[in-house]
Amino acid sequence: MPIIVMNKNSLVSISDISRDEMLDLLRRARYFEENPDSKILDGKIVATLFFEPSTRTRLSFETAVNRLGGRVIGFSDAATTSSSKGETLKDTIKMVSNYVDLIVMRHYLEGAARYATEVTSVPVINAGDGANQHPSQTMLDLYSILKTQGTLENLTITMVGDLKYGRTVHSLLMAMQYFNPTFNFVACPELRMPQEYKDFCDEHGIKYNETTEFSPEVINSSDIIYMTRVQRERFSDIMEYERVKDRYTLHNDMLADSKPTLRILHPLPRVNEIDRDVDDNPKAYYFEQARNGLFARQAIITRALGIDPEK
Ligand code: CP
């Protein structure tokens, strides 16, 4: 059997890339926003393998490929594939690798994307693995923060809601290590930020405050409020989900004394954590944030395929 070497252009965890690589991806994202129609993926085929539901991530990855002239194969429901007959993830990845230049995969198991990189030499992009990591979301979050704040440096970022299972906050926290952030972690005790991420903050000199109160002091000191959905699909006890699901809701009147430059982010989908009365507030940025996902993912795809869009 040939030895499989992980493709160095894979993106499994945000910690796979350096500060400079992140900044390069952000430059690329800006390029794609300004140059939407270059057909630089002509002849390339990308697989989108979604073992978990998705709207934004899958559709923006597929749009990113289509707009750049590539083609997409894949599935959005694993029940329609041979994994429902018992085919292993390893075999599925090896089969798909025969057909494509790049694999984008979402899976419910933490570590599934890393495992995929160990059984194929085709680059793999992690589109979310359980409660672990969602690095392409992080790149669009960074791009959104940069666009709205004009910098990534020295910002106060308040993360609210499900900080235990929310993979987007875990990835974003790690990415911000290079930019001297201050975090507020607002969560009920059942969904607080896991100790490993607080240890990460301590090890990297990142300042953070932990609280159960989504107070005016917290809101008014924030540059970014990052709301998150309570991840029902991660709970083994549905009664526990019912107890905590509506603990934090952002309403428009709570923003009255917030900074003029504050922006509200949310990876979406939302349930009840942002009231609809916030949507018309100019500080609400979550729909534009999702749009930025197209450009961030074009940047990630071209990096994975070793294509420089500006050459
Ligand atoms: N933000 C995000 O991952 O959304 P989807 O689950 O719709 O892909």
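Residues numbered from 1 in each chain as written. Predicted model: local features only at pLDDT ≥ 70, side-chain atom pairs only at ≥ 80, totals over all residues. Heavy atoms only, no water.

## Some details on the site of the ligand
What surrounds the ligand is the set Ser54, Thr55, Arg56, Thr57, Arg106, His134, Gln137, Pro267 and Leu268. One nitrogen or oxygen atom from the side chain of Arg56 is found 2.9 Å from an oxygen atom belonging to the ligand. Arg106 is positioned with one of its side-chain polar atoms (N or O) 2.9 Å from an oxygen atom of the ligand. For the ligand, the accessible surface in isolation is 250 Å², of which the surrounding protein chains cover 90%. Looking at side-chain class alone, the shell around the ligand contains 2 nonpolar, 5 polar and 2 charged residues. (Near = heavy atom within 4 Å. Polar contact = N/O pair within 3.5 Å; in protein donor to acceptor, adjacent residues only side chain to side chain. Areas by Shrake-Rupley, 256 points an atom, 1.4 Å probe, with all protein chains shown as cover. Nonpolar A, V, L, I, M, F, W, Y, C, P; charged D, E, K, R; others polar.)

## Section: the domain arrangement of the chain
Size of an interface, as often reported, equals the accessible area lost when the parts are brought together. Split into domains, the chain comes out as domain 1 (14-133 + 294-304) and domain 2 (135-291). Computed from C-alpha coordinates alone, the two centres of domain 1 and domain 2 are separated by 25 Å. Listed per partner, the contact involves 31 residues of domain 1 and 27 residues of domain 2. Carbon and sulfur atoms supply 60% of the area buried between domain 1 and domain 2, which totals about 2500 Å² over both sides. Summed over the three residues of domain 1 that lose the most area to domain 2, namely Ile14, Leu26 and Arg56, the buried surface amounts to 25% of that side. (Domains from an automatic or database assignment. Contact = heavy atoms within 4.5 Å. Buried area = accessible area lost by both parts, 1.4 Å probe.)

## Side note on the packing of aromatic side chains
Using the criterion set out here, one finds 8 aromatic pairs in the structure. Ring geometry for Tyr286 against Phe287: centres 5.1 Å apart, planes inclined by 65 degrees, an arrangement best described as edge-to-face. Note on Tyr286: relative accessible area 1%, which makes it buried. Taken together, the ring pairs connect Tyr165, Phe235 and Tyr241 into an aromatic cluster. (Phe/Tyr/Trp six-rings, centres within 6.5 Å; stacked < 30°, edge-to-face > 60°. Buried < 20%, exposed > 50% of the residue type's maximum accessible area, 1.4 Å probe, protein only.)

## A closer look at the sheet that holds strand β1 (residues 45-50)
Across a sheet, paired strands are connected by hydrogen bonds in the backbone, their directions being either parallel or antiparallel. If you walk across this open sheet you meet the 4 strands as β2-β1-β3-β4, and the pairing is parallel. A single partner strand is all that each edge strand has here, and the edge strands are β2 (71-75) and β4 (124-129). Mean inter-strand twist for the sheet, computed between neighbouring axes without regard to direction, equals 15 degrees. Sheet topology note: the β1/strand β3 (residues 102-107) ladder contains 5 bridges and is parallel. (Pairing = 2+ DSSP bridges. Helix = DSSP H or I, 4+ residues; strand = E, 2+ residues; numbered from the N terminus. Axes fitted to C-alpha atoms, helices over the stretch in contact; angles between N-to-C directions.)

## Some remarks on the nonpolar core
Counting 58 residues, the largest nonpolar core has Met139, Leu142, Met159, Leu173 and Ile301 as the members making the most contacts within it. Top element by residues in this core is helix α10 (residues 286-304). It accounts for 7 residues. (Core = buried A, V, L, I, M, F, W, Y, C linked by side-chain atoms within 4.5 Å.)

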